[in-house]
Each structure stands twice: as C-alpha cells, then as structure tokens.
Amino acid sequence: MEEPQEDAVPGDGAIEGGVQPPKATAFPPGFSISEIKNKQRRHLMFTRWKQQQRKEKLAAKKKLKKEREALGDKAPPKPVPKTIDNQRVYDETTVDPNDEEVAYDEATDEFAPYFNRETSPKILITTSDRPHGRTVRLCHQLSTVIPNSHVYYRRGLALKKIIPQCISRDFTDLIVIHEDRKIPNGLILSHLPNGPTAHFKMSSVRLRKEIKRRGKDPTEHVPEIILNNFTTRLGHSIGRMFASLFPHNPQFIGRQVATFHNQRDYIFFRFHRYIFKSEKKVGIQELGPRFTLKLRSLQKGTFDSKYGEYEWVHKPREMDTSRRKFHL
Amino acid sequence: MAAASARSNHVWVGTETGILKGVDLQRKLAANFTTTGQPQREAAVNALCWGASDETQILVGCADRTVRRFSTKDGAFQGQRRCPGGEGTFRGLAQADSTFITCVDSGVLRVWRSDDKEAPSDPVRFPFSSGGERFGKGKSKTLKLTHLWFFQLLELKVGPGVCRMRQNPAQPHVVATGGKENALKVWDLQGSEEPMFKAKNVRHDWLDLRVPVWDQDIQFLPGSQKLVTCTGYHQVRVYDPASPQRRPVLETTFGEYPLTAMTLTPGGNSVIVGNTHGQLAEIDFRKGRLLGCLKGLAGSVRELQCHPSKPMLASCGLDRILRIHRIQNPRGLEHKIYLKSRLNCLLLSGRENWRDELELPQERSEEPPQDSEVDELWASLEVAAKRKLPRVDQTLRALGTQERKKKCPGALSPQPCE
C-alpha cells in the first residue's frame with residue numbers, strides 16, 4: 001500500500017526539507033528507496049518512510065480502540081494472534097487418552113516395571129572421557145537433583161562394557177553427559193535392563209552459581225515432577241523415560257519440583273522450590289542446574305549406536321522443512 | 001460386513017502387541033484383528049505368509065511359538081497350532097502344498113502338516129531310503145507311511161543365529177537360510193539333509209582380517225537360481241549357485257547402518273533395501289549401482305514388500321507408521337498410515353485390481369443359475385450394482401471397522417511426493 005516516495009531531485013545534494021515528493025505510480029513501475037546509491041540519502045529516506053509507517057500504525061490502533069470502546073459490550077472478541085504453537089500442524093501420532101491400543105502399548109512397554117512399582121530407580125551418572133570442570137560440576141549438581149543417583153568417573157571405559165556391569169548391580173538408568181570443548185553438549189539417557197536409549201543435544205547449561213536470585217541448595221527430599229506438553233506417541237515415550245528417573249512418592253514437605261517442559265521440540269529442564277503464599281499465589285525460587293535438551297534419536301535397546309535399531313531418528317533435511325511441524 | 005471389508009484389504013501388518021491389522025488403502029481404513037479380542041504382547045507377530053489358495057488365508061507366526069491361521073474371507077482367526085522345538089522367535093514361515101515350514105532363531109527348521117492335527121511333539125526323522133521297509137505290515141501303518149511321504153525331511157538343523165528363512169516362490173520345496181555368523185545355505189527339502197548350496201565367506205579384507213558374516217535378508221531372483229542377500233554390515237551381495245564359485249558374484253555397500261529388510265522391484269533388475277536408520281535405497285544388482293533413495297521413514301525398517309507388477313512399495317518399521325511409496329515416475333510417498341503399535345512384518349496383496357470390487361463378485365455368482373442370454377439383462381444388472389454401491393459403502397462405514405484411526409480429516413489422503 002505504501003509505495004516508497006520518488007526523489008524529485010535526484011542529482012541535488014541538498015538535504016530535503018519539508019517537501020513531499022510525489023508517490024511512485026504502480027504502472028509504469030516506480031523506483032524504490034533501495035535504488036538510491038548514496039547511503040546517507042538512502043538512510044534518510046528510509047528513516048522517513050519508517051516514521052510514516054509507525055505513525056499510520058499508531059493511528060490505526062487508536063481508531064480501533066475508540067471503536068471498541070464505542071461498541072462497549074457488543075464489541076467483537078479480540079482476535080487471537082497467530083503464533084507458531086497455535087499454527088502447529090496436527091500430528092497424527094498425538095495420543096488420545098481413550099485409545100485402548102495405545103494404552104495397552106504403554107502399559108506393557110519397557111517402563112512397565114517402573115510404573116507398576118516393581119522397581120525403584122537407581123541412576124548412574126557419568127561423562128564422556130576426560131571431562132572438564134563444568135561437566136563434572138554439572139554431574140554433581142544433577143546427582144543432588146535426582147535422588148538415588150551415583151556419579152562415577154569414566155576412565156575411558158566403553159559404554160557397552162559398563163552396561164552389563166550396571167545391570168548386574170541393579171541400576172535402572174544410565175546418564176552420560178557428553179562434553180565438547182570444555183562444555184557439556186550432549187546427554188545419553190539409557191534405561192537399563194533392555195530399555196530404550198535416548199540421545200539429546202544439550203544447550204544453555206547454567207550451573208547453580210550462574211543462576212541469579214536462586215535459593216539455597218536443594219535438600220534430600222524426593223522432588224515432584226512436572227512433564228509439560230508431551231503429546232505425541234514419541235513424546236509420551238520420552239516423558240515416561242524422564243518420569244522413570246525419579247522415585248514414585250514425592251515428599252511434599254521438601255516443596256521441590258523438577259520440570260521438563262516441552263515446547264517446539266525443545267525440552268527445558270528447571271528445578272524449583274515453591275511456597276504457597278495463599279490459596280492461589282505461589283512463590284518460586286530456582287535452585288539447581290538448568291539446561292535445554294533436543295532429542296536426536298531414540299534407539300530401541302541399550303546403547304548400541306552402530307548396530308542398534310532406531311525407533312526415531314531426527315533427520316533435519318526431511319523433518320525440519322516446516323516451521324510448524326513438531327515431533328514431540 | 002467385517003468379512004467383506006477384510007477381503008478387500010490391501011496390506012496386512014503384524015505388530016508387536018499381537019494385533020494383525022488389515023489396511024484398506026482405497027477406503028483409508030485400518031482394522032484390528034486379534035484371537036482373543038485383546039492385544040497380547042506375548043503373542044507378538046513375528047512372521048506372516050500367505051496360506052494356501054492365493055490370498056484367502058494368512059499364516060501368522062507369533063512370539064509364543066504358535067502359528068495361527070487367519071481367513072481374510074471371514075475376517076477371523078480360524079485355528080492355531082503350537083510349533084515347539086528349538087529356541088527363539090520365528091524367523092521364517094512358508095507354505096508349501098499341504099505343509100508349512102517354520103524356522104526359529106536357534107536354527108531348527110521344521111516342516112509341519114497343515115491339516116490341523118496335532119503333530120507329535122518330536123516329529124519323526126524319516127530317512128527316505130529305508131522308509132519302505134520299516135512299515136511292511138498293517139494297513140494303518142502303510143497309510144501313515146504314505147501320508148508322511150510328501151516331505152521326507154521334517155526337521156533340519158540349520159545352525160544357530162538364524163536371521164531369515166525364505167522360500168523360493170518358484171520352487172516351494174527350496175528354502176534359503178542365513179543369519180549372524182551363519183552363512184547363506186540353500187536347502188532342498190525333498191533332497192538330502194545337506195544344503196544344496198552353502199556360501200563361502202569373501203576373502204580377508206585389506207588388513208587380512210576375516211570379514212564377519214551377518215545375513216539379514218534373502219531374496220530369490222526369479223528366472224534364475226541366483227539369490228540376493230543384505231547384511232548387517234551394510235553389504236548387498238548376489239550369489240549364483242549355478243556358477244562354480246561359492247563366493248558372492250557381486251557385492252556393494254550402502255550407508256553405514258545394518259540393512260534389515262530387502263525386497264525385489266517389479267522391474268526385476270533392482271532391490272530396495274532398508275536400514276536401521278530408516279533409509280531406503282534402490283540398488284541395481286546387475287552393476288551394483290545405487291539408483292535412488294526414498295525418504296520418509298524415521299525408524300528402523302522391519303519389513304519391505306513390493307507389488308509384483310505395480311511400482312508400489314510398502315514399508316513398515318519401528319516408528320509405527322505404514323508407508324506406501326511409489327518407486328518410479330515419480331518417486332515419492334503415496335500413503336502414510338499411523339498404526340499405533342510397532343510394526344513387525346507385513347504382507348502386500350499381489351492382486352492386480354485394487355479398486356472396489358465388493359458387490360460385483362456377489363452379483364456375478366447369482367448370474368449362472370438365472371440362465372439369461374440377453375445382453376440387456378446383463379447390462380441392467382450391472383447398472384443396478386453400481387447404484388447399490390454408494391449405499392453399501394455407507395453402511396460399511398457406519399458399521400465401522402474396529403478401529404478408526406483418524407480424527408482429523410485429510411490426514412490419510414495421499415500425501416504429495418516428499
């Protein structure tokens with residue numbers, strides 16, 4: 001609608017003052033601001049155009065507001081802005097809570113012993129070989145967050161050799177924090193007896209001392225867990241995997257909660273302490289480490305990246321073509 | 001009604017939860033069939049094959065070592081039979097005349113009579129040379145003799161770690177087996193107990209180390225004696241028993257992950273292989289060239305099957321989705337159906353006509369008794385059938401199949417080529 005204005009005096013070096021140059025006609029095609037070769041003049045024209053746009057937008061907003069007030073109760077409801085989450089492409093694998101087949105599949109999958117309360121979690125946390133300070137500190141902080149977890153130094157041992165030993169010592173899960181160039185950037189979560197292995201990309205890692213306005217260190221109480229927005233079948237598997245890291249009965253006295261929030265295929269991990277100030281008002285303090293995960297692959301069976309069968313592999317060129325399609 | 005819809009299913013898929021699913025691509029419906037009406041993980045489907053008399057029966061091999069018979073006409077399971085012997089799951093199931101052949105993980109290959117009588121727990125090893133002299137007297141005993149004469153060998157030990165057993169579609173008594181550290185062997189079930197052809201491992205590699213063997217899938221090439229195998233070390237090999245060399249005639253590699261499934265294309269010159277990362281590739285086995293890849297799968301491919309004449313490929317895998325691809329002009333995805341459980345094996349109907357042929361066969365069966373010679377009568381009857389079709393369709397849809405997986409319209413419509 002708003003065509004860039006034509007420069008009436010192209011060769012003139014004088015600064016334009018007050019004169020409104022005529023608008024370019026649609027046909028024959030006029031020229032645009034980007035064709036002005038002089039950078040200063042071009043910048044000036046652009047700033048002027050931008051100010052014009054802003055003014056018009058403000059005027060339109062005011063007009064709309066006036067109309068709404070004039071109508072009062074009869075005003076049409078405010079239009080909901082489009083966001084990428086709103087516009088998400090419907091995923092056919094979204095789990096319907098009433099679906100019996102999916103319910104049976106979940107009830108008898110590899111996490112069934114945990115959800116039937118036959119086993120209680122025992123986690124082994126380790127790193128890739130020769131970890132640096134940040135990674136080691138992250139491991140220790142994670143072990144305070146996850147109850148019944150043990151940190152071991154990885155002495156260059158192969159994971160395929162560690163796993164049978166873990167199984168014989170009754171560990172239920174293995175977490176490997178992978179490091180590159182002195183910062184942790186990957187997470188391998190393997191459910192032990194014969195369960196799936198998930199490989200995540202880890203980013204935005206903040207250790208405790210880097211978190212502003214944090215609370216005191218977490219206590220030994222078993223935290224509660226919040227799993228947000230895991231809607232598809234794959235999301236359900238990953239959600240169950242996270243849930244099986246924590247023991248069943250949270251101790252509400254501790255008022256601690258671990259949150260895994262999935263948004264647009266990124267999983268945000270936060271650890272908070274909450275306090276109810278009244279019936280509806282809660283105050284929260286962030287404790288504990290904070291990081292973001294993105295699923296790269298889910299492999300059936302324990303860790304075997306070369307010969308294992310994959311249930312889901314992230315393929316960027318095939319799966320990331322649409323900005324509105326998410327898989328978790 | 002379930003019977004009629006079951007007959008027109010194009011693809012039959014076996015899942016890990018023990019459900020046999022029939023998918024009708026024309027009407028975009030999937031139906032679940034179970035023996036007890038409830039899914040059972042212990043009865044996970046491991047092998048599927050067509051039963052006798054073309055595509056009206058399916059033999060379903062389950063994880064609890066039973067083979068169940070399913071009739072597509074009735075849409076129900078008809079009987080089951082326990083097949084003990086050896087350990088592990090079924091790796092191959094095939095039908096030959098009035099018997100069926102099973103092979104399990106530990107390498108026990110058995111031939112069973114398919115007349116639903118309970119087989120003796122240890123099938124009798126019957127050396128055919130001395131068969132005549134053993135039962136000389138007594139009519140009943142000689143009858144037993146003639147009954148067992150079909151297959152002289154009822155049990156074979158193929159070697160441990162079997163990954164696949166396939167039957168030659170041209171010669172039903174010839175089967176091939178292969179597995180992890182178990183070389184490819186071709187057996188003639190009517191012949192001796194030694195394999196007809198036993199493959200030799202390739203030469204040592206450039207470090208002079210033995211090349212490991214892991215045959216994951218085998219296919220017989222029609223029109224010759226050759227076989228193609230795909231291995232867990234991402235190799236595709238062609239063997240020729242007719243040639244004096246027991247080593248593979250051709251070897252190519254694809255990708256870096258184990259190849260898990262393979263099928264022949266209708267053109268007859270290439271195979272399509274799938275690996276554990278969900279990559280599908282068409283490889284020409286005359287030259288060993290990669291012709292192209294197919295996109296779409298996100299999980300490990302469990303089974304592939306091509307239609308014998310149309311350029312259609314059905315693939316199923318651990319990502320719980322059945323996909324139908326078009327192989328040529330243009331190459332791309334046609335149908336994608338979410339089937340809720342991990343899919344283990346599939347059977348693609350090889351019939352030519354995939355359109356709705358529901359009412360017409362029933363109408364035609366009423367024709368001969370009427371004994372009409374007039375062409376107008378034929379024409380008018382066909383017209384009546386066409387008029388009936390929409391109403392019947394509606395009743396079918398109203399009755400519904402047991403499982404309707406679609407909530408959102410349009411998701412099952414043929415997807416544009418990816």
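Residues numbered from 1 in each chain as written. Chains lettered and ligands numbered in written order. Predicted model: local features only at pLDDT ≥ 70, side-chain atom pairs only at ≥ 80, totals over all residues. Heavy atoms only, no water.

Here's the deal with the overall build of chain B
Check the secondary structure of chain B and you find five helices and 28 strands. Taking all 418 residues of chain B together, the buried fraction comes to 53%. The contacts in chain B between residues at least 6 apart in sequence include a share of 48% that link residues at least 24 apart. A total of about 19,200 Å² of accessible surface is found on chain B, and carbon and sulfur atoms cover 52% of it. (Helix = DSSP H or I, 4+ residues; strand = E, 2+ residues; numbered from the N terminus. Buried < 20%, exposed > 50% of the residue type's maximum accessible area, 1.4 Å probe, protein only. Contact = heavy atoms within 4.5 Å. Areas by Shrake-Rupley, 256 points an atom, 1.4 Å probe, with all protein chains shown as cover.)

Description of the overall build of chain A
If you tally the helices and strands in chain A, you get seven helices and 10 strands. Whereas a compact globule of 328 residues would reach a radius of gyration of roughly 20 Å, chain A reaches 28 Å, over 25% beyond that. Oriented by its inertia axes, the alpha-carbon framework of chain A measures out at about 85 × 55 × 45 Å. Split into buried and exposed, the 328 residues of chain A put 41% on the buried side. Residue pairs in contact within chain A that sit at least 24 positions apart in sequence constitute 64% of those at least 6 positions apart. Summed over all atoms, the accessible surface of chain A reaches about 20,000 Å², with 54% contributed by carbon and sulfur. The centroid of the 59 positive side-chain charges in chain A is displaced by 9 Å from the centroid of its 40 negative side-chain charges. (Rg over C-alpha atoms; globule rule 2.2 N^0.38 Å. Lys, Arg positive; Asp, Glu negative; His and termini not counted. Charge placed at Lys NZ, Arg CZ, Asp CG, Glu CD.)

Looking at the confidence of the model for chain A
Here chain A shows a mean pLDDT of 90. Residues at 70 or above account for 92%. Segment residues 1–19 of chain A is flagged for pLDDT under 50; beyond a separation of four residues in sequence, or across chains, it makes 35 contacts in the model. (pLDDT = per-residue confidence, 0-100.)

Here we look at the packing of helix H2 (residues 100–107) of chain A against helix H6 (residues 233–243) of chain A
Residue and element names in this part refer to chain A. Between H2 and H6, whose axes approach to 12 Å, the crossing angle comes to 30°. Here H6 runs roughly parallel to H2, going by the angle between their axes. For the element pair H2 and H6, the recorded crossing hand is right-handed. Judged by residue contacts, Val102, Asp105 and Glu106 of H2 engage Arg233, His236 and Arg240 from H6. (Axes fitted to C-alpha atoms, helices over the stretch in contact; angles between N-to-C directions. Parallel < 35°, antiparallel > 145°, perpendicular 65-115°, else oblique. Left-handed = near helix turned anticlockwise from the far one by under 90°.)

A few points about the nonpolar core
Residues and elements named next belong to chain A. Within the largest apolar cluster, 38 residues are counted, with the highest numbers of intra-cluster contacts made by Ile175, Phe200, Ile238, Phe242 and Ile267. Considering each element in turn, this core owes the most residues, five residues, to strand E9 (residues 282–300). Every residue in contact with Phe200, bar those within four places of it in the chain, is listed here: Asn185, Gly186, Leu187, Leu189, Ile238, Phe242, Ile267, Leu293, Lys294, Leu295 and Arg296. (Core = buried A, V, L, I, M, F, W, Y, C linked by side-chain atoms within 4.5 Å.)

Some thoughts on the pairing of strand E23 (residues 289–294) of chain B
Residue and element names in this part refer to chain B. Here strand E22 (residues 280–284) pairs with E23 via five bridges, running antiparallel. By the bridge assignment for E23, Ala281 is matched with Cys293. Hairpin connection, E22 to E23: the antiparallel pair is bridged by four residues, and Gly288 has positive phi, about 85°. (Pairing = 2+ DSSP bridges.)

Description of the UniProt feature "domain: Brix" (unreviewed entry) in chain A
The UniProt record annotates "domain: Brix" (unreviewed entry) at residues 121–304 of chain A. Along residues 121–304 of chain A one finds 18% helix and 42% strand; the C-alpha atoms at either end are 22 Å apart. (UniProt positions renumbered as here; feature names shortened; annotations may be inferred.)

Some points on the interface of chain B and chain A
Every contact between the two is made by 40 residues of chain B and, on the other side, 26 residues of chain A. In total, about 2,800 Å² of surface goes out of reach between chain B and chain A, with carbon and sulfur atoms giving 47% of it. At the boundary of chain B with chain A, the tally comes to 10 salt bridges. If you look at where chain B meets chain A, you find 21 residue pairs in polar contact (both at pLDDT 80 or more). (Buried area = accessible area lost by both parts, 1.4 Å probe. Salt bridge = Lys/Arg side-chain N within 4 Å of Asp/Glu carboxyl O. Polar contact = N/O pair within 3.5 Å; in protein donor to acceptor, adjacent residues only side chain to side chain.)

Topic: the sheet that holds strand E18 (residues 235–239) of chain B
All names here are of chain B. In spatial order, the strands read E16-E17-E18-E19; together these four strands make up an open sheet with antiparallel pairing. Where the open sheet ends on each side, the last strands, each with one partner, are strand E16 (215–220) and strand E19 (250–253). Sheet twist, expressed as the average angle between the axes of neighbouring strands with direction ignored, equals 15°. Inspection of the sheet shows strand E17 (residues 227–231) paired to E18 by four bridges, in the antiparallel sense. Each residue of the ladder has a partner; that of Thr229, found in E18, is Arg237.

Concerning the sheet that holds strand E15 (residues 197–198) of chain B
Residue and element names in this part refer to chain B. Pairing is antiparallel across the open sheet formed by four strands, whose spatial order is E12-E13-E14-E15. Among the strands making up the open sheet, the edge pair consists of strand E12 (162–167) and E15. Where strand E13 (residues 174–179) meets strand E14 (residues 182–188), five bridges bridge the pair, whose relative direction is antiparallel. Across the sheet, the residue bridging to Ala176 is Val186, located in E14.

Digging into the packing of aromatic side chains
For the structure shown, the criterion picks out 17 aromatic pairs over all chains. Judged by centre distance (5.0 Å) and plane angle (65°), the rings of B:Phe70 and B:Phe77 are edge-to-face. Aromatic rings pair up to connect A:Phe200, A:Phe230, A:Phe242, A:Phe246, A:Phe260, A:Phe269 and A:Phe291 into one cluster. The ring centre of A:Phe171 lies 4.5 Å from the NZ or CZ of A:Lys122, which sits over that ring. Taking the ring centre of B:Trp214 as reference, the NZ or CZ of B:Lys180 above it sits at 4.1 Å. (Phe/Tyr/Trp six-rings, centres within 6.5 Å; stacked < 30°, edge-to-face > 60°. Lys NZ or Arg CZ within 6 Å of the ring centre and 35° of its normal.)

Observations regarding the pattern of salt bridges
On inspection of all chains with the given rule, the structure shows 35 salt bridges over all chains. When the shortest N-O distance is used, the salt bridge between B:Lys340 and A:Asp99 registers 2.8 Å. Placement of the pair is B:Lys340 in the loop between strand E27 (332–338) and strand E28 (343–348) and A:Asp99 in the loop between helix H1 (39–71) and H2, with the two residues belonging to separate chains. The same class applies to B:Lys340 and to A:Asp99, which are both buried.

Topic: unusual backbone geometry
Residues other than glycine predominantly adopt negative phi, and peptide bonds predominantly adopt the trans conformation. All names here are of chain B. Of note, the amide linkage connecting Asn329 to Pro330 takes the cis form, showing an omega dihedral of -15°. Examined against the element boundaries, Pro330 turns out to sit in the loop between strand E26 (321–326) and E27. Of note, the phi angle at Arg65 is positive, near 65°, even though the residue is not glycine. Tracing the backbone through its elements, the reader meets Arg65 in the loop between strand E5 (57–62) and strand E6 (66–71).

Side note on the environment of B:Gly288
Residues and elements named next belong to chain B. Summarising the element assignment, Gly288 is placed in the loop between E22 and E23. With 36 residues separating them in the primary sequence, Gly288 and Thr252 have C-alpha atoms 5.6 Å apart. Beyond its immediate chain neighbours, meaning those up to four positions away, Gly288 contacts Leu250, Thr252 and Ile283.

Some words on a nonpolar patch on the surface
All names here are of chain A. On the surface, Phe276, Val282 and Ile284 cluster together into a nonpolar patch covering about 320 Å² of accessible area. The residue Phe276 is located in strand E8 (residues 266–276) in this model. We classify Phe276 as exposed; its relative accessible area is 54%. (Patch = residues over 30% accessible without salt bridge, like charges linked within 9 Å, V, L, I, M, F, W, Y side chains within 5 Å.)

Side note on H2(A)
Residues lying three or four places apart along an α-helix face the same way, a consequence of the helix completing one turn every 3.6 residues. A:Glu101, A:Val102, A:Asp105 and A:Glu106 are the residues of H2(A) that are buried. Buried residues in H2(A), looked at end-on, bunch into an arc of 130°, giving them a common side. In this fold, the buried residues of H2(A) make contact with H6 of chain A together with strand E2 (20–24) and strand E3 (29–33) of chain B. A side-chain oxygen of the first residue of H2(A) lies 3.1 Å from the backbone nitrogen of A:Glu101; this N-cap is A:Asp99. (Arc of directions from axis to C-beta.)

Quick word on a positive patch on the surface
All names here are of chain A. A contiguous patch of positive charge on the surface is contributed by Lys50, Arg54, Lys57 and Lys61. Mapped onto the fold, Lys50 is located in helix H1. For Lys50, a relative accessible area of 38% puts it in the partly exposed group.

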